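Tertiary structure, described
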Amino acid sequence: MTDIVITKINDTWMKVVCKEVHQEMDIQDKFSFKVPNADHDPRVRKGVWDGIKKLYNRQTKRLYVGLLLDLIDLCGSKGWTYNVDKQLLPDFNESLDDDDIQGLVEFINPHSDGFKIEPYDYQLEALKYQLNMNRSVCLAATSAGKSLILYMAVRCYQLMEDLVGKTIFITVPTIDLVEQLYDDFQDYSTFDGSEWHVARHCQKISGKYSKSIDKQIVITTWQSMSKLPYDVFEDIGAIFIDETHSAKADVLKNIIESATSCPIRHGLTGTLNDTECDIKVITGILGPVKRIVTARELIDEGRASNIEITMCLLEHPNHSRELLSELKSKVEVKKKYNVEVEFINSLEYRREFIYNTIDSIKDQGNTLVIFDRVDSYGKQLFEEYSKRHKDTHLNIGEIDSETRKKLRISIEDKNNAVIFASFGTLSTGISIKKLHNMIIISSNKSKIRALQSIGRLMRLHSSKKSANILDLVDNLTYNEKPNYYMEHANQRLNFYKSEQFDLNFLRFNLK
């Protein structure tokens, strides 16, 4: 008798039935992961949850379809025999080769500004992987041209008979990106002789647009998609998740899980978290992850701006170190980080250092100043600095998308503009090519936030040879105990090294 029988339930779930109980337990262990920061979850503190996410349900026998290859690997390592439902396997007899891909691209005939585009080799590789797998996650660094990959893939899938009468959804994290991607599609399809018009095939769904679907291709935010009627999900033939690292969010995960009749699922992003739990969830609901091109490869090939990161160690005076240590000693552990953030943000001498730093580089091009804590910190810095420099702008979530779009366009005519922006608005997808400098003034330990924010400066522009990043690191170490900002900086340093960015170090004594 076969040890493991794997059958398709739908396009989200497969059923895994084992001959022996110990095999079920092994599979559950294989697909169980400690959730990052679960120790802070109230359910864990109350003892009602162990902080472990179990992707295989022993009661229902369900496992995400995207984890099929991992399950087969487990069976091989254990020496188990297995039987896989053929509906779960790609039809490799119909795989497309390089010539097929080139023929499809010639038919699609993408252009930009009216001129024919010759896609890069890695863009063609991504397209080939998507079309042959039908389920995938492509990792491609910022400036790799993910919007062109999306455009070519969507156009190819439109040609499939199986998708006639089906909807193709493209979800992005923000309203800004809905507008940006629609504009990109329009650019790629606008040239003399083009018979494919974006207005005929595509529609936008966000807060200001109708939720009624009347086009085959829908570009939307995952927030807007979550509010669509349930029957919409029954007609989805393909779904693309741009900035896939956000797919771990419960709302987006539930959307993809709900698309149970959608066999074609693809994700694109520049960065994924290193945590195995996040990677396996994304793999499960979308498909196998494949690295297409790295930031270093793009830079070395001249397809992205070189990045030079200077980590600026800010040595705080002893009285500040003592005071912070005293303040943190008076609160419980879970509040200590917040106390440190508020203390550092309140230091007038640090604010003056930030303003002087901006002044020292603003004549070297347009500058981004990235911060956290919008209301209690970022807005104040913007208001204070705008009194010193007229060409100063604010980019935060509450700024409407039309204003942000105008700012993005206007930067092309500026040479020493300063933009104060929150991590949330700048770390995901916004494309402003004419950016030369970035100053990171708030601490964070998120790989995605750090690398996605830096990716904003990788886009090529004729006015820059490289982009300069200043990462401010506050040293308030006291009695040889490092503060949180120092610990976070070590993690960011590892991220920068893994991406092989050029690194420099400077030390400043603050007074």
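Relevant structure appears above.
A few points on the structure. (Residues numbered from 1 in each chain as written. Predicted model: local features only at pLDDT ≥ 70, side-chain atom pairs only at ≥ 80, totals over all residues. Heavy atoms only, no water.)

**Observations regarding the overall build of the protein**
Helix and strand counts for the protein stand at 21 helices and 22 strands. For 511 residues, the compact-globule formula gives about 24 Å, and the C-alpha radius of gyration of the protein, at 25 Å, lands near that figure. Judged by the C-alpha coordinates and their principal axes, the protein covers about 75 × 65 × 40 Å. Residue burial in the protein is summarised as follows: out of 511 residues, 56% are buried. The contacts in the protein between residues at least 6 apart in sequence include a share of 74% that link residues at least 24 apart. Distance between charge centres in the protein, computed from 68 positive and 73 negative side chains, equals 5 Å. (Helix = DSSP H or I, 4+ residues; strand = E, 2+ residues; numbered from the N terminus. Rg over C-alpha atoms; globule rule 2.2 N^0.38 Å. Buried < 20%, exposed > 50% of the residue type's maximum accessible area, 1.4 Å probe, protein only. Contact = heavy atoms within 4.5 Å. Lys, Arg positive; Asp, Glu negative; His and termini not counted. Charge placed at Lys NZ, Arg CZ, Asp CG, Glu CD.)

**Section: the packing of helix 4 (residues 98-108) against helix 6 (residues 146-158)**
Closest axis-to-axis distance for the helix 4/helix 6 pair is 10 Å, and the angle between their directions is 95 degrees. What the angle tells us is that helix 4 and helix 6 run roughly perpendicular. For the pair helix 4 and helix 6, contact is made by Leu 104, Val 105, Phe 107 and Ile 108 and by Tyr 151, Met 152, Arg 155 and Cys 156, respectively. Classifying every residue of the contact of helix 4 with helix 6 gives seven nonpolar, no polar and one charged. (Axes fitted to C-alpha atoms, helices over the stretch in contact; angles between N-to-C directions. Parallel < 35°, antiparallel > 145°, perpendicular 65-115°, else oblique. Nonpolar A, V, L, I, M, F, W, Y, C, P; charged D, E, K, R; others polar.)

**Things to note about the pattern of salt bridges**
In the structure shown here, the tally under the stated rule is 30 salt bridges. The salt bridge involving Asp 214 is made with Lys 215; its shortest N-O contact spans 3.5 Å. Note on Asp 214: relative accessible area 56%, which makes it exposed. Between Lys 330 and Glu 326 there is a salt bridge, and its shortest N-O distance comes to 3.5 Å. The exposure class of Lys 330 is exposed, given its relative accessible area of 60%. (Salt bridge = Lys/Arg side-chain N within 4 Å of Asp/Glu carboxyl O.)

**A few points about helix 18 (residues 401-410)**
Along helix 18, the residues that are buried comprise Ser 401, Arg 404, Leu 407 and Arg 408. Summarising the axial view, the buried residues of helix 18 lie within an arc of 120 degrees, below the 170-degree limit, and thus occupy one face. Among the exposed residues of helix 18, those oriented more than 90 degrees off its buried face are Lys 406 and Ile 409. (Arc of directions from axis to C-beta.)

**What to know about unusual backbone geometry**
Despite not being glycine, Glu 243 shows a phi value in the positive range, around 55 degrees. Relative to the helices and strands, Glu 243 is located in the loop between strand 13 (236-242) and helix 11 (250-258). Positive phi, normally seen in glycine, also occurs at Glu 480, with a value near 65 degrees. On the basis of relative accessible area, Glu 480 is assigned to the exposed category, the value being 77%.

**What to know about the side chain of Ser 136**
Within the fold, Ser 136 resides in strand 9 (residues 135-140). Those residues in contact with Ser 136 that sit more than four places away from it in its chain are Tyr 129, Gln 130, Arg 265, His 266, Gly 267, Leu 286, Gly 287 and Pro 288.

**Here we look at helix 15 (residues 333-346)**
Taking 1.5 Å as the rise per residue, helix 15 with 14 residues should run 20 Å; its terminal C-alpha atoms sit 21 Å apart, in good agreement. Every buried residue of helix 15 is accounted for by Lys 336, Val 339, Glu 340, Val 341, Phe 343, Ile 344 and Asn 345. Contacts made by the buried residues of helix 15 are with helix 14 (318-329), helix 16 (348-361), helix 17 (374-386), strand 21 (466-475) and helix 21 (484-498). (Expected span 1.5 Å × (residues − 1).)

**Digging into the sheet that holds strand 1 (residues 4-8)**
An order of 5-2-1-6 is seen for the four strands of this open sheet, with the pairing classed as mixed. In this open sheet, the two strands that pair with only one neighbour each are strand 5 (62-64) and strand 6 (82-84). Within this sheet the neighbouring strands show an average axis-to-axis angle of 25 degrees, counted without direction. Alignment of strand 1 against strand 6, held across three bridges, turns out to be parallel. From the neighbouring strand, Ile 4 faces strand 6, where its bridge partner is Tyr 82. (Pairing = 2+ DSSP bridges.)

**So, the nonpolar core**
Ranked by size, the top nonpolar core spans 80 residues in total, and within it Ile 170, Phe 185, Phe 240, Ile 307 and Phe 501 carry the most contacts. Here this core gets nine residues from one element, more than from any other, and that element is helix 6. The next biggest cluster of nonpolar side chains, apart from the first, holds 47 residues, and it includes Leu 74, Val 137, Cys 277 and Val 281. (Core = buried A, V, L, I, M, F, W, Y, C linked by side-chain atoms within 4.5 Å.)

**Some words on the packing of aromatic side chains**
Counted under the stated rule, the structure contains twelve aromatic pairs. With 5.2 Å between their ring centres and 70 degrees between their planes, Tyr 151 and Phe 185 make a pair best called edge-to-face. Residue Tyr 151 is found in helix 6, and its partner Phe 185 is found in helix 7 (residues 175-188); the two are separated by 34 residues along the sequence. Comparing Tyr 151 with Phe 185, the two get one shared label, buried. One aromatic cluster is present, formed by Tyr 151, Phe 185, Tyr 188 and Trp 196 through successive ring pairs. Over the ring of Trp 13 we find Arg 62; its NZ or CZ atom is 3.9 Å from the centre of that ring. Its end group placed over the ring of Tyr 182, Lys 204 keeps NZ or CZ at 4.4 Å from the ring centre. (Phe/Tyr/Trp six-rings, centres within 6.5 Å; stacked < 30°, edge-to-face > 60°. Lys NZ or Arg CZ within 6 Å of the ring centre and 35° of its normal.)

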